[in-house]
Each structure stands twice: as structure tokens, then as C-alpha cells.
Amino acid sequence: MLSLHSVILVFSVLALLSTVYLNTESSLRFLKKPPSLTATMHGRVKIKTTAQQEEEKRKEREKKLKIYVAARDACFSKRNEGIWDDEALQLTQQLLSSNPDFATLWNYRREILMHLETVKDKDEVQKVYEAELSFTESCLKVNPKSYGSWHHRGWVSARLPRPDWARELTLCDRCLSLDDRNFHCWDYRRMVVKMSGVPVDQELAFTDRLIGSNFSNYSSWHYRSTLLPLLHPESPEPPSPCREPPQSSPPPSPQTHSHRVCEEQLLKEYELVQNAFFTDPNDQSAWFYYRWLLGRAEREEMISCVYVNRDEERVAVAFSRPVNAQSVGLFLVLDGQPQRVEWRSVHPRFKQSPVWICNLPPGTISDITNERNLTVHWTEKHTHRDCALYTGRTESWCRDSATDQELFRSELSVEKTSVLQSELQSVKQLQELEPLNKWCLLTIILLMRALDPLGYEQEMLAHFRTLKEVDSMRSAYYSDLCSKFMIENTILKMEYAEVRVFSISDKNLTTLCHLDQLLLVTHINLSSNHLQRLPPQFAMLQCLEVLEADNNAIENLEGVYHLPKLEEVLLKNNKISTLADLQTLASCPKLKRLDLRGNPVTQTANVESELAELLPSVTDLLL
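Basis of the calculations
Residues numbered from 1 in each chain as written. Predicted model: local features only at pLDDT ≥ 70, side-chain atom pairs only at ≥ 80, totals over all residues. Heavy atoms only, no water. Pairing = 2+ DSSP bridges. Helix = DSSP H or I, 4+ residues; strand = E, 2+ residues; numbered from the N terminus. Axes fitted to C-alpha atoms, helices over the stretch in contact; angles between N-to-C directions. pLDDT = per-residue confidence, 0-100. Contact = heavy atoms within 4.5 Å. Salt bridge = Lys/Arg side-chain N within 4 Å of Asp/Glu carboxyl O. Buried < 20%, exposed > 50% of the residue type's maximum accessible area, 1.4 Å probe, protein only. Phe/Tyr/Trp six-rings, centres within 6.5 Å; stacked < 30°, edge-to-face > 60°. Lys NZ or Arg CZ within 6 Å of the ring centre and 35° of its normal. Expected span 1.5 Å × (residues − 1). Parallel < 35°, antiparallel > 145°, perpendicular 65-115°, else oblique. Left-handed = near helix turned anticlockwise from the far one by under 90°. Nonpolar A, V, L, I, M, F, W, Y, C, P; charged D, E, K, R; others polar. Disulfide = S-S within 2.5 Å. Polar contact = N/O pair within 3.5 Å; in protein donor to acceptor, adjacent residues only side chain to side chain. Core = buried A, V, L, I, M, F, W, Y, C linked by side-chain atoms within 4.5 Å.

1. Some thoughts on the sheet that holds strand β14 (residues 546–548)
Next, step 1: Reading across from one edge, β12-β13-β14-β15-β16-β17 is the order of the six strands in this open sheet, with parallel pairing throughout. In the strand order of this sheet, the two ends are held by β12 (501–503) and β17 (620–622), each with one partner. Averaged over all pairs of adjacent strands, the angle between their axes in this sheet comes to 0°, without regard to strand direction.
Next, step 2: As judged from the three bridges shared by strand β16 (residues 593–595) and β17, these two strands associate in the parallel manner. By the bridge assignment, D595 is partnered in β17 with L622.

So, in C-alpha cells, the structure goes:
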């Protein structure tokens, strides 16, 4: 039986010899020795057979494992006994030198160090922690991407009485010079920068240097995207008329700061990133950053629409982003009197939703001869929206007339528009040189979307067709993205026409999105597309009366749920195969007409009688 001191001594020797660390507590990796020769016999050299070599390696591994396990068990025993002495510190050091990713040992080591803080003076603690930094540095030489080593170094640096942040920044620079994508080092550097108060402009210059030496550096581009909004924030917009001034304005911080960058700096960034992708058109990192620069503006957090229905005594509220109405302070006031209502999302699957509904107490607004004034307050964002239900009206709503800039893209100044036009021409020139470059094609589409989504619609569709050919592995992604853009364009056309009919048939749609923008739509036509389901978000169409979705591949109607005004559902030539697929239609109380011709479910025995039982309100059933 080896004594503890013997274990430490032997293990110290092995640690010096081993440069490959253990992956887990129970699995080991050791250095492989070069093939060796035996002594000569009768003047001839005898080469060991492979089986002999493997057997020797096995015995060597078993020997090392025995020593390792003994040292590990000794550590665990000391920890269980509450021993935090120098010997334990030395023992954990020997083990971690071979296996820097043993989290339990790092935890024990931190317990020992915290104990030493209580029994040593400040200068002694400084020396202990400086030695600890040297130790973690040696561990990082074994594995530069060791989670445990980087985490422990951050913990030590934060507790060091007199930290040397300049040394830590130098260490980060050295590590990043060896591997500029080491995200552990990037995370640690951000911590050091925060703790030491390095100016943002100095860090931005640091990214300039790294990007200048290597354009293909995702981490540098990403870090730059976090710094620019802090150094060059967009000027705050004036509050909307219905926004109430907050009681106090907290100072901006990196966590709460807007991600918008001022226009002047954006124009400079376009030039920088253009140099990168013209240098290497096939490198992804610069294209991703360029896409971030073209990113859409974040919509102002607001109540975008309030809808009230007299017959159902129901109120629907649409927000500019998904919220939890039960926790954000949503209050309803009717004719100056607060109302006790229960807000619920449009579908049971949603805890966060852009659309919420509630029912008023019976008889509250049912009298058509009375005018009622309703206000919805969103106290969390200090905003509200009013809605008047006039005499003789059964429904009413209040919303801002949205433009494409407000909904789907940033509003462009004359200067930025001219710059983006120039950018578009530059990328088109690159595409002439690289006609099959997917990044060029996708960026051209994004630039067109930023400039004039309706004017460039046909050209955009042609580029999507080319994209699917040159990058067939991502064809489904491009189809979904194209569907999203086509839905946005159709919403814009509907807004300009000021109608409540949404028609987007025969557009090769593969997905549905922006359904919260269709709260007031009464008639939707989705026929002759490639849709496979009507998702839960479809339940946001609270005013829908007619649903046309013939000639798709729909198998699932999960989103046709509690639509109180829905009367007609046309699903001819789809893939509805069971009655269970139609179950959600039973939640629509006014459904009268249902067309299921050309669906597999029509071949089910007794389908007509079972549908009559499932959907008793339907009087016109087409099978």
C-alpha cells in the first residue's frame, strides 16, 4: 500500500513526463512511446512484436492508473474530512497538471484557497494567488481550451488583493495570437476589460488590429458588434404620443444598451467589411458581420393595436413583441373605471405572445346604443392605447397605420440610401466575378430588402431561385426566408390598400410568420402553396371569418383554435388523414362550412357521421 507522500512523489515524476491530460476521472490518455528494441541475442537484434508492445503499454497504463486513482482518492478523503492544508493543495496541483478538466478538484482547490485567506495576511494571500495564476497558466499550456482552468483563473483574478490586469491582457493577447478563435480566452478577456475599466475605444482598436491581420475571425467581428453600440450609439428617438414619461431613467449599461449604431459609423463599417469580403468572397465571417450591419431596427416596445367586439364582449390587444400579459402590468379601463379581467394568450402553448385577449363581464358593452371608451395601460413600459366603441358599432379598433420602415426595416436617410445603393452596386460587381457565390446572392437580397422590398420583389425572387441551385443543401432555409419576405410584402400591400383581406396564394410559401400583424384580417387566402401546417400562431387571427387553404400539403390544424368568428374553412386537396387532425375546429363556435375534398380523411369509414358529431355547427360539409 503506497503512503500519501509516496503517491505525491511518484505522481510528481509522472506529471513531468506526461503532456497529455486525462479526459475524465475514469478514462486516461498517456503519451505513446516510440517503438523500442530489445537487447541483442546471439548478435542479432530482436524486434518486439505488436502484441508484446501492446501488453507493455497496458501494464504501464495500469500502473499510472493505480497511482492516479490513489492520489484522487486521497484528495476525496481529505475533502470529506474537511482538511484544507498545503499538502492537499499540492496533491490537487499534481492531479490537475495532468487533467485540467477535473471540476471537482478545482472546487476543492478553491475551498482550500478560501480557507488560506482566513489564516494568512494580505501579502501572503497575494503570493498564494500569484502562484495560483502561474499554475493555471501551466494548465493552459496543457489544454488552451480548458473550461476549468479559465474559470479558475477568473475566480483567482477577482479575489487577488492587488490584481495585475495588464499582465492578464498580455496573456490574452498571447493566447489569441496562437488561436484567435479561442472563445474561452475571449470570455476571459471581456471579464478582464470590465474589471480593469479598459476604454471601449481601446478595445475597438484591438479588434481593428486582429481583423487587419486576419479577416476570417468570427470572434473579432462579433466583439466589434458589441462595442460599436456603446461607442457610437444611435441618437434616441422622441417618445411616441401615447408613451408616458418614465419616473426615472437608469444610466445606460452594456446589458441594457440599444444595439443600434449611429448612421455615420455604419457608413464607415460598410467600407471596412467590404474590403474583407472582396479580399476573400468565400469567407463567411465578414458576410455575417455585414448582415448584422444590415439588420432590421428593433421596433419600439408598444401596444400596436387594441380591438374590441361588442357581441362577444371581448378585447384583443397586440404588442410589438411577445410578452406575458399576466406579469407585465396590463390594465383595462372602461369609461374611467378599472375592470377586473383575466388576460389569456390565444393558444395554450404560449406563455409569451404578441396577442392577448380577455372577456368583459356580461352586459358591460353589449348595449349598442351606448358609446364606450376603453383604455389599455401597459405599466411596465409606461404606455397606453385608447379605443372608442361608437354608438351603433359592433366592433372597433385603434392602431397606428404602419409603414414598411416601422414594421420590417430601418428608416433610411437620404445619405444612407445613397450609400446602400452604392453597396448594392459593389456587391453586384463582385457577383459578376463570382456568379455562384451564395454570400453575394444572399447579401444582394438583403440590400434590396433594406432599400425597397416591393420595388425589388421580382429580382429578389430570381436570386432566391439561383441560391437554391448553387446551395441546394440549404434550399429549405432559402424557401422559408423567401416565404417570410413574401408575407412581409403582402402585409405592406394590405396596409397601403387599407383592407382586411390577406391574399397570398400561389407564392410557393413553405412557412407562415408575422401572424400577429393579421389580428384584424377577416379573410385569408393561402391556397396553392407548400404549407404543411397551420401553426399555433395562427390563433392570433381573432377576426378571421374565412380561411382558404386549398391545394397545399397541410396535415396539422393546430393553430385553428378558438377563432370566435370563423365561419368557412376550405381545405380541398391537402393531407388531412384522421379526424383527430380536425379536433381543433370544434373550438370555433360559428363554423358552418367545411371543404375536405381530396383529403385522405374522406376515405375513413363513417366519416360523415363522425364529423357531424365532432362539428355539430357545420351545415355545409363537402367530402
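2. Details of the confidence of the model for the protein
Next, step 1: This prediction gives the protein a mean pLDDT of 85; 85% of its residues lie at or above 70.
Next, step 2: Ignoring residues within four places in sequence, the model shows residues 4–42, a span with pLDDT below 50, making 67 contacts including any to other chains.
Next, step 3: Counting contacts from residues 238–257, a segment whose pLDDT is below 50, to residues more than four positions away or on other chains yields 23 contacts.

3. Remarks on the pattern of salt bridges
Next, step 1: Going through the model one piece at a time under the given rule, you end up with 37 salt bridges.
Next, step 2: One salt bridge connects D123 with R162, and the closest N-O pair in it is separated by 3.5 Å. Linking D123 in helix α5 (residues 122–142) with R162 in the loop between α6 (147–159) and α7 (165–178), this pair joins segments that are 39 residues apart in sequence.
Next, step 3: Here D123 falls in the partly exposed class, since its relative accessible area comes to 46%.
Next, step 4: According to the relative accessible area criterion, R162 is partly exposed, its value standing at 44%.
Next, step 5: Between R349 and E558 there is a salt bridge; the shortest N-O distance is 2.9 Å. Placement of the pair is R349 in the loop between β7 (344–345) and β8 (353–359) and E558 in the loop between β14 and β15 (568–570), with a sequence separation of 209 residues.
Next, step 6: Through salt bridges that share partners, E301, R321, E380 and K381 make up one connected network.

4. Focus: the packing of aromatic side chains
Next, step 1: Scanning all chains against the criterion turns up 18 aromatic pairs.
Next, step 2: Look at F464 and F485: their rings are 6.1 Å apart centre to centre, the planes differ by 50°, and that puts the pair in the tilted class. One end of the pair, F464, is in helix α16 (residues 457–470); the other, F485, is in helix α17 (residues 475–497), with 21 residues separating them in the sequence.
Next, step 3: In this structure, R189 is placed above the aromatic ring of F206, and the distance from its NZ or CZ to the ring centre is 3.5 Å.

5. Quick word on the environment of F215
Next, step 1: Positionally, F215 belongs in the loop between α9 (200–213) and α10 (218–231).
Next, step 2: With a relative accessible area of 26%, F215 lands in the partly exposed category.
Next, step 3: In this structure, the C-alpha to C-alpha distance between F215 and F277, residues 62 residues apart in sequence, is 8.4 Å.
Next, step 4: Excluding its chain neighbours within four sequence positions, the residues that come into contact with F215 are W221, N275, A276, T279, D283 and S285.

6. Overview of α17
Next, step 1: Helix length check: α17 (23 residues) gives 33 Å between terminal C-alpha atoms against 33 Å at 1.5 Å per residue, within 8%.
Next, step 2: Once α17 ends, the next one or two residues include E498, with phi positive near 55°.

7. Description of the environment of Q425
Next, step 1: Assignment of secondary structure puts Q425 in helix α14 (residues 414–433).
Next, step 2: Classification of Q425 by relative accessible area gives partly exposed; the value is 41%.

8. Some remarks on unusual backbone geometry
Next, step 1: With a phi close to 55°, H514 is a non-glycine residue in the positive phi region.
Next, step 2: Here H514 shows up in the loop between β12 and β13 (523–525).
Next, step 3: A positive phi angle, near 50°, is found at H562, a position not held by glycine.
Next, step 4: Within the element layout of this structure, H562 appears in the loop between β14 and β15.

9. Digging into the packing of helix α4 (residues 103–119) against α5
Next, step 1: Remark: α4 packs on α5, axes separated minimally by 10 Å, with the N-to-C direction vectors making an angle of 165°. The orientation of α4 with respect to α5, classified from their angle, is roughly antiparallel. At the point where α4 passes α5, the crossing takes the right-handed sense. In this structure, α4 contributes W106, R109, L113, L116 and E117 to the contact, and α5 contributes V125, V128, Y129, E132, F135, T136 and C139.
Next, step 2: Looking at the contact of α4 with α5 residue by residue, the classes come out as eight nonpolar, one polar and three charged.

10. Digging into the state of the cysteines
Among covalent bonds in proteins, the disulfide is the one between the sulfur atoms of two cysteines.
Next, step 1: Enumeration according to the criterion identifies zero disulfides in this entry.
Next, step 2: C175 takes part in no disulfide bond, and the closest cysteine sulfur, belonging to C185, lies 4.7 Å away.
Next, step 3: There is no disulfide at C398, and the cysteine sulfur nearest it, in C387, is 5.9 Å away.
Next, step 4: Among the residues examined, C398 registers a relative accessible area of 23% and is labelled partly exposed.

11. Observations concerning the packing of α6 against helix α8 (residues 183–196)
Next, step 1: Taken N-terminus to C-terminus, the directions of α6 and α8 make an angle of 10°; their axes are 10 Å apart at the nearest point. Here α6 is positioned roughly parallel relative to α8, judged by the angle of their axes. When α6 is examined against α8, the residues Y147, W150, R153, G154 and S157 are found in contact with a partner set consisting of F183, H184, C185, Y188 and M191.
Next, step 2: Looking at side-chain class alone, the contact of α6 with α8 contains six nonpolar, three polar and one charged residues.

12. Some points on the sheet that holds strand β4 (residues 314–323)
Next, step 1: The antiparallel open sheet is built from five strands, whose spatial order is β7-β8-β4-β3-β11. The open sheet has two free edges, formed respectively by β7 and β11 (395–399), since each of these has just one partner strand.
Next, step 2: Strand direction decides the pairing type here: strand β3 (residues 303–309) and β4, joined by six bridges, are antiparallel. Bridging from a neighbouring strand, V308 pairs with V315 of β4.

13. Examining the side chain of S345
Next, step 1: Mapped onto the elements, S345 comes out in strand β7.
Next, step 2: A residue is classified by how much of its surface remains accessible, and S345, at 15% relative accessible area, is buried.
Next, step 3: Looking at S345, its side chain comes within polar contact range of the main-chain oxygen of H347, at 2.9 Å.
Next, step 4: Discounting chain neighbours no more than four positions away, the residues touching S345 are F350, S353, V355 and W356.

14. Regarding the nonpolar core
Next, step 1: In this structure, Y290, I524, L526, F538, L547 and V560 are the most contacted members of the largest nonpolar core, which totals 103 residues.
Next, step 2: In terms of residue count, the dominant contributor to this core is helix α15 (residues 438–451) (11 residues).
Next, step 3: With residues up to four places along the chain from it excluded, the contact list for V560 reads L534, F538, L547, L566, T584, L585, S587 and C588.
Next, step 4: If you look at the next biggest cluster of nonpolar residues, it comprises 22 residues, including V317, L360, I365 and L389.

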